[in-house]
Number of protein chains: 2
Amino acid sequence: MDGKRVIGVDLGGTKILAGVVDHDGHVAQRREHPTPTGSQDELLAGLDAAIEELLEDEIAAIGFGLPSPIDQKAGRALQAVNIPLDESVDFRGRMRERFGLPVGIENDANAAAYGEFRFGAARDVESMVMLTLGTGCGGGAVIDGKLFRGWAEFGHMVIVHDGIPCQGTCTGHGHLEPYVTGVAATKLAHAEFGPAVDAHRLVRLAAEGEPRAVEILEGIGRHLGSGIGTLVNIFNPELVVIGGGFAAAGDFVLDPAREVLRREALAQAGDRIPIVRAELGTAAGLIGAGLVAFDAVE
Amino acid sequence: MDGKRVIGVDLGGTKILAGVVDHDGHVAQRREHPTPTGSQDELLAGLDAAIEELLEDEIAAIGFGLPSPIDQKAGRALQAVNIPLDESVDFRGRMRERFGLPVGIENDANAAAYGEFRFGAARDVESMVMLTLGTGCGGGAVIDGKLFRGWAEFGHMVIVHDGIPCQGTCTGHGHLEPYVTGVAATKLAHAEFGPAVDAHRLVRLAAEGEPRAVEILEGIGRHLGSGIGTLVNIFNPELVVIGGGFAAAGDFVLDPAREVLRREALAQAGDRIPIVRAELGTAAGLIGAGLVAFDAVE
């Protein structure tokens, strides 16, 4: 299988990111297309087209990162919210049949964690957890070198019993997601500074020393620290990686998270487990989807 | 290895429970000794004696359930609280050397989950999580037939950000443990009904229809539901098992937990994942320690 390459596809609610990935995590022919969300048929046709454009003889497999929980046994996406993909579709089987290649599917945030583990911020450890802070909050974990194959929907850990309603169609209350995303930051920024201040501008204000901006980011970071505390006490990782667009808030959010983690983690784990920023940027999911493809070959 | 048997040891803060365990989970020569907590030397001597009393030619391995997080790589107990066992002791190595047999160690609640998975309430599923509600709150998970080897310290998930202080030496706030144990129930019962009403009596009062007793147990159950929600969204188990002495509260606690789980779990998982009571009682940890011993042979 050496020398072989795979196609990785990171399917998001707005973009299909596809590329050819090799064993070293290098991406060739990176392509971005808007996600057709009009209907399931259009979505599948869009995926087919994105793959066909990259197919060549030496492609050994195809891997997908999908924005939903995954039923690995059945090879299906469960309750996808941002894309029109029904649970009744045998997604993995369909793709296998259509392209005659091994196909792996994973949750998109799991795939991104896998990418960071092999080629990014966590390349030197054996066990890690990752949280992705963007529009939503996703996550993934690698334990002893293996991608954790539960749901790993870390954005939907309950960190405030009976807390604020979750985002989108999630019926949960007090999940991590509505406390720590860029969307959450923008909401708080609007309330404090008016409608022209979004998450990005909030971080800028904090950098300029605006005390309420610093305080808002600190509150977000402290909630993040509770979520990381739960993850550390469950997974005992060597490293915690924070990715996604809102990771740009950096230490304004991560320092308070570190402080709360020290309090919440058992066995002084908070003192020895670093919280660091992701390194692969928007390519993490694509590279991870490629790794999922390589795993499907083996 | 067929026909061989192992020694399982469930080490608790008050009792050493030891026995000979066979491949079918049957326990022979079950023995209980008080845990010597005066010093580490006394504790280790007590464990040695409990094992020596059971040693026979056909014993293939020894497995321990220890009341602390475990460093599996180093074979050590981390930050044990209820027993005088230091992190510097190479526990697994010492036992291997002393008895000349393969030795496995696990967290006691992980071991209990393993026991329930193979021979108890979860014997018909492939993936499960278990929470043990007793003096403290422990837990364990089995995924696709394999014991989850993170810390799985489910009692120390944060379910109330900045909530009430955790028990014992844990510095955490709003962990699941102080909301859902028998100790927590006793505390609430004292406050409501006076010092003669403990958790056991509280459940009795609820059974007699006392509305405040029902309400207190409901509050405990709802917090438990938040914790289970986190576990379901991370592990996607087929079944949730509740063990430990306080599981005797039964549906007074489990029905509200089920209700909250339906709200918190993604993909309607709360509708299809049953929450059931454990079946092996106090033997779960001992049987699980035996399974850990069998795993150490393989």
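Each value, and the rule that gives it
In this convention, every chain numbers its residues from 1, walking through the sequence in written order. Note on labels: chains are lettered from A, ligands numbered from 1, in written order. Local features in a predicted model are, by the rule used here, given only for residues with pLDDT of at least 70; side-chain atom pairs are given and counted only at 80 or more, and totals for whole chains, interfaces and linings are based on all residues. Computation of side-chain values: all heavy atoms of the structure, hydrogens and water removed. Think of pLDDT as the predictor's per-residue confidence, scored from 0 to 100. In this analysis, two residues are considered to be in contact whenever any of their non-hydrogen atoms come within 4.5 Å of each other. Here the quantity called buried area is the total loss of accessible area, with a 1.4 Å probe, experienced by two parts when brought into contact, counted for both. What makes a salt bridge here is a side-chain nitrogen of Lys or Arg within 4 Å of a carboxyl oxygen of Asp or Glu, nothing more. Polar contacts, as used here, are pairs of N or O atoms within 3.5 Å; protein pairs need one atom able to donate a hydrogen and one able to accept it. Residues neighboring in sequence count only if both atoms are side-chain atoms. For helices the rule is a DSSP run of H or I covering at least 4 residues; for strands it is a run of E covering at least 2, with both sets numbered from the N terminus onward. The residue classification treats Ala, Val, Leu, Ile, Met, Phe, Trp, Tyr, Cys and Pro as nonpolar and Asp, Glu, Lys and Arg as charged. All others, Gly included, are polar. Exposure is judged per residue with a 1.4 Å probe applied to protein chains only, and the accessible area is read against the type maximum: over 50% gives exposed, under 20% gives buried, and values in between give partly exposed. We treat two strands as partners when DSSP finds at least two bridges between them.

Caption draft 1: Seen up close, the confidence of the model for chain A. When the pLDDT values of chain A are averaged, the result is 95; 99% of them are 70 or greater. For this predicted complex, the interface confidence score (ipTM) comes to 0.93, while the overall pTM stands at 0.94.

Caption draft 2: Seen up close, the interface of chain B and chain A. Taken residue by residue, the interface counts 44 residues in chain B and 44 residues in chain A. In total, chain B and chain A occlude about 3700 Å² of area from one another, counting both sides; carbon and sulfur atoms represent 55% of this. In terms of surface lost to chain A, no three residues of chain B exceed Trp151, His161 and Ile234 of chain B, which account for 20% of the buried area on that side. The tally of links between chain B and chain A comes to four salt bridges. Between aspartate 162 of chain B and arginine 263 of chain A there is a salt bridge; the shortest N-O distance is 2.8 Å. Across the chain B-chain A interface, the total number found is 28 residue pairs in polar contact (both at pLDDT 80 or more). Mapped by element, the contributors of at least two residues to the side of chain B that touches chain A are helix H7 (211–235), helix H8 (251–264) and helix H9 (269–272) of chain B. Considering every element that reaches the side of chain B that touches chain A, the biggest residue donor is H7 of chain B, with nine residues. Each residue belonging to the side of chain B that touches chain A can be placed in one class, and the counts come to 19 nonpolar, 14 polar and 11 charged.

Caption draft 3: Main features of the pairing of strand E9 (residues 137–143) of chain A. Residues and elements named next belong to chain A. Counting buried positions along E9 gives seven out of seven residues, so the element sits mostly inside the fold. Residues Cys137, Gly139, Ala141 and Ile143 point to one face of E9 and Gly138, Gly140 and Val142 to the other, with burial holding for every one of them. Sheet topology note: the strand E8 (residues 128–133)/E9 ladder contains six bridges and is antiparallel. Residue pairing in the sheet places methionine 130 in a bridge with glycine 140 of E9. A loop of three residues connects E8 with E9, the two strands running antiparallel in sequence. Two strands pair when backbone bridges link them, and E9 and strand E10 (residues 146–147) are joined in this way by two bridges, in the antiparallel orientation. Note on E10: the bridge partner recorded for isoleucine 143 is lysine 146. Following E9, the chain reverses through two residues before pairing antiparallel with E10; aspartate 144 in that reversal takes a positive phi of roughly 45°.

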